[in-house]
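Inside the fold
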Amino acid sequence: MQQSRLKRVLILLAGWCVALLLFFPILWMVLTSFKTEIAAISTPPLLFFRPTLSAYAAVQAQSNYLHFALNSIVISVGGTVVALLLSIPAAYAMAFHPTRRTRGTLLWMLSTKMLPPVGVLVPIYLLFKTSGLLDTRIGLLGIYALMNLPITVWMLFTFFREMPHDILEAGRMDGAGTWGEVWHLLLPLTMPGVASTGLLSLILCWNEAFWSLNVTSVNAAPLTAFIASFSSPEGLFFAKLSAASTMAVAPILVFGWFSQRQLVRGLTFGAVK
Amino acid sequence: MATLSLRGVRKSYLAGTETIKGIDLDVADREFVVFVGPSGCGKSTLLRMIAGLEDITAGDLLIDGTRVNDVDPASRGLAMVFQSYALYPHMTVADNMGFALKLAGRPKAERDAKVAEAARILQLEPVLTQRPRSLSGGQRQRVAIGRAIVRQPRVFLFDEPLSNLDAALRGQMRVELLRLHEELAATMIYVTHDQVEAMTMADKIVVLHAGRVEQVGSPMELYNHPANLFVAGFIGSPRMNLLPGTVGAAAPGGTVPVTLAGGVTVSVRPAQVLAPGSSVTLGIRPEALRQAADGPFSGAALLVERLGGMTLVHVTLESGETLVAQADGNDPIRAHDVIRLAVDPSVCHLFAANGLVLSQAEPPQAKPGDLHDLDAMPSLARA
Ligand SMILES: Nc1ncnc2c1ncn2[C@@H]1O[C@H](COP(=O)(O)OP(=O)(O)OP(=O)(O)O)[C@@H](O)[C@H]1O
Ligand SMILES: [Mg+2]
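**Some details on the overall build of chain B**
Scanning chain B from terminus to terminus reveals eight helices and 21 strands. With the C-alpha coordinates aligned to their principal axes, the bounding extent of chain B is approximately 80 × 45 × 40 Å. Burial analysis of chain B (383 residues in total) assigns 51% to the buried set. For chain B, the share of sequence-separated contacts (at least 6 apart) that also reach a separation of at least 24 residues comes to 64%. In the form shown here, chain B has an accessible surface area of approximately 16600 Å², with 52% of it arising from carbon and sulfur atoms. The positive charge centre, built from 36 side chains, and the negative charge centre, built from 40, are 7 Å apart in chain B.

Have a look at this one:
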């Protein structure tokens, strides 16, 4: 009794330590964003200071946050929608009509994620250049959709595989065609899984920096490019950089906070049970 | 009006191995046909091929005389009730039942009327707005049946629909299904591995074994005239006693002695000449064995099962084999009692070494056609 209580306290402490460790950089970033540039680089670092919004004002004066945020939203949501539209039929086929090659196909899809993106940077850059996709939302949206496809197909495949075949077969007997089965039965019944797949894709798109920095500059630049523009050649302005970063991650943090239940449910689906 | 015919139907899931090995079968209008057989014999596969959920590898499936091999499931006009019920968990009972009509684009008024009618027949009115999750097993079963009824199919297909229910409910649903069969005057095909369900429900039983039809017939035909050892052993509960034996030299008067292990001899009257020395199997139904002081079989009662109306006595013979005999409910016999059993040779079944039945000639005093008086019935086989 005594011992199990001690154990619980220790586990709780360890949990808090890990959480703080993970959370600390974000906390520090938010704190720094409310400092003046001088306070931001003072040593030893200041934990208590008079908060100011000057860094935010400077950021907004220097560039148009809303323009970047709108790009992020359009590209992330668009990329996620396209990825889902492509991966739902793919996962349906693999889960309900598997062949000898299904397993291999899935592994091959996953293996493309092991290739470092920089490996295909030059060909993709050239393709984009000749087809006029450089610095367009549609171009980046396409890259994001394709980039997340292996993950969304895998996730949807595992969710769909849990679905009893009988129910789809009953639907087929009732006259639902393939699309009817997917629309009326499969999607409503695997909604938690589809939703968490979409959420994950959305977060991955939002945070993606490599492609956004390389194939966009002004017109289609999302928030990750917005942050990068503050690590500028004139030297590092930590307060401004922190303010920009905070503004960039705030929407997805809030979004993640509200959907965390959904996310956890989806991500542990199949693992537990 | 719906008839269904299978012509040389075959199925291979994997090239080279056949699961269904050529089945010919006719199902008449309004017939209640039961496919029965041990687990893995291909009953579900056959039913799913009829439903259109599995491709037919070879052969023809005809519904009302039209070949429908390549017609999609919904257009075949069949409805299937799954073992797992396969209800749509996210829809209410009413929506579950009306789903097919909704997909077919029928007007709402018509849909509602048909769902209400099915709910009335199945006594589901109080739960129409509930979801399947909150229903009992029996209610879910009825919703699954209701979903089939609403479509007014030409043929109903059932795949072990009662196997998830407890024994009491199963008995009740069996009666309800039969009532439904009457009320709807529909053709039904019913799959089960439970021979009691088959015996009690079927107009026609199809016994399947390893992808082949072993025998087709009415329950009593199969019970009284099994065509082979498999059917003899499968149909009937408790099982028929099967004893290996050897044919002796024919005696005058047409009888042939069959010597069983342990030296017991039973004289049968085979309709054809049997080579002396050939091995045969003698089949004796438990109810054909009766206790008699001068009976040829003797042994100790190993186990006495009292079922109320009757008593089943498991007897270990001196030769080591076990026989099951049926006695009166009030029979005073107890375990370990030593008893003697006699059998009327004319009601025995005789099977050749290849498992096929050997018919017995009719004894002169028999009254053919009286199916119910077992003791007076000679074992006639229609191979
Ligand atoms: N989709 C499939 N792919 C490969 N083999 C299959 C498939 N479905 C069934 N089989 C095989 O076909 C055989 C018959 O299966 P089926 O389900 O028809 O048996 P069943 O008579 O319905 O048995 P049960 O009483 O257990 O339901 C089995 O050996 C099974 O392993
Ligand atoms: Mg089965």
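**Notes on unusual backbone geometry**
For the peptide bond that leads from A:T43 to A:P44, omega is -10 degrees, which places it in the cis range. Tracing the chain through its elements places A:P44 in the loop between α2 (37-40) and α3 (54-62). Omega for the peptide link from B:S237 to B:P238 comes to 0 degrees, which places this bond in the cis form. Structurally, B:P238 can be placed in the loop between α8 (229-234) and β11 (241-247). The backbone phi angle of A:D135 is positive, close to 55 degrees, even though this residue is not glycine. The exposure class of A:D135 is buried, given its relative accessible area of 15%. Look at B:Y85: it is not a glycine, yet its phi comes out positive at around 70 degrees. One can find B:Y85 in the loop between β6 (78-81) and α2 (93-103). In this structure B:Y85 comes out as buried when scored by relative accessible area, which is 7%.

**What about the domain arrangement of chain B?**
Quoted interface sizes are often the accessible area lost when the parts come together. All names here are of chain B. We note that the domain assignment places domain 1 (4-232) and domain 2 (238-360) within chain B. The interface is formed by eight residues belonging to domain 1 together with 10 residues belonging to domain 2. Between domain 1 and domain 2, roughly 770 Å² of surface is buried when both sides are summed, and carbon and sulfur atoms account for 58% of that area. Linking domain 1 to domain 2 there are zero salt bridges. Where domain 1 meets domain 2, there are four residue pairs in polar contact (both at pLDDT 80 or more). No other element matches the three residues that helix α7 (residues 219-224) contributes to the side of domain 1 that touches domain 2. For the side of domain 1 that touches domain 2, the class distribution of residues is six nonpolar, two polar and no charged.

**Section: the sheet that holds strand β20 (residues 349-352) of chain B**
Residue and element names in this part refer to chain B. Reading across the sheet, the six strands line up as β13-β12-β11-β14-β20-β21 and stay open at both edges, with antiparallel pairing between neighbours. This sheet does not close on itself; its edge strands, each paired only once, are β13 (265-268) and β21 (357-358). Where strand β12 (residues 256-260) meets β13, four bridges bridge the pair, whose relative direction is antiparallel. Within the sheet, the bridge partner assigned to V256 lies in β13 and is V268.

**Thoughts on the site of ligand 1**
Residues and elements named next belong to chain B. With respect to spatial proximity, the complete set of residues near ligand 1 consists of Y13, T19, S39, G40, C41, G42, K43, S44, T45 and E160. Measuring from an oxygen atom of ligand 1, one finds a backbone N or O atom of C41 at 3.2 Å. Take G42: an N or O atom from its main chain is 3.0 Å from an oxygen atom of ligand 1. Here ligand 1 has 640 Å² of accessible area as a free molecule, and 56% of this is covered by the chains. Of the residues belonging to the shell around ligand 1, the class tally is two nonpolar, six polar and two charged.

Rules used in this analysis
Residues numbered from 1 in each chain as written. Chains lettered and ligands numbered in written order. Predicted model: local features only at pLDDT ≥ 70, side-chain atom pairs only at ≥ 80, totals over all residues. Heavy atoms only, no water. Helix = DSSP H or I, 4+ residues; strand = E, 2+ residues; numbered from the N terminus. Buried < 20%, exposed > 50% of the residue type's maximum accessible area, 1.4 Å probe, protein only. Contact = heavy atoms within 4.5 Å. Areas by Shrake-Rupley, 256 points an atom, 1.4 Å probe, with all protein chains shown as cover. Lys, Arg positive; Asp, Glu negative; His and termini not counted. Charge placed at Lys NZ, Arg CZ, Asp CG, Glu CD. Domains from an automatic or database assignment. Buried area = accessible area lost by both parts, 1.4 Å probe. Salt bridge = Lys/Arg side-chain N within 4 Å of Asp/Glu carboxyl O. Polar contact = N/O pair within 3.5 Å; in protein donor to acceptor, adjacent residues only side chain to side chain. Nonpolar A, V, L, I, M, F, W, Y, C, P; charged D, E, K, R; others polar. Pairing = 2+ DSSP bridges. Near = heavy atom within 4 Å.

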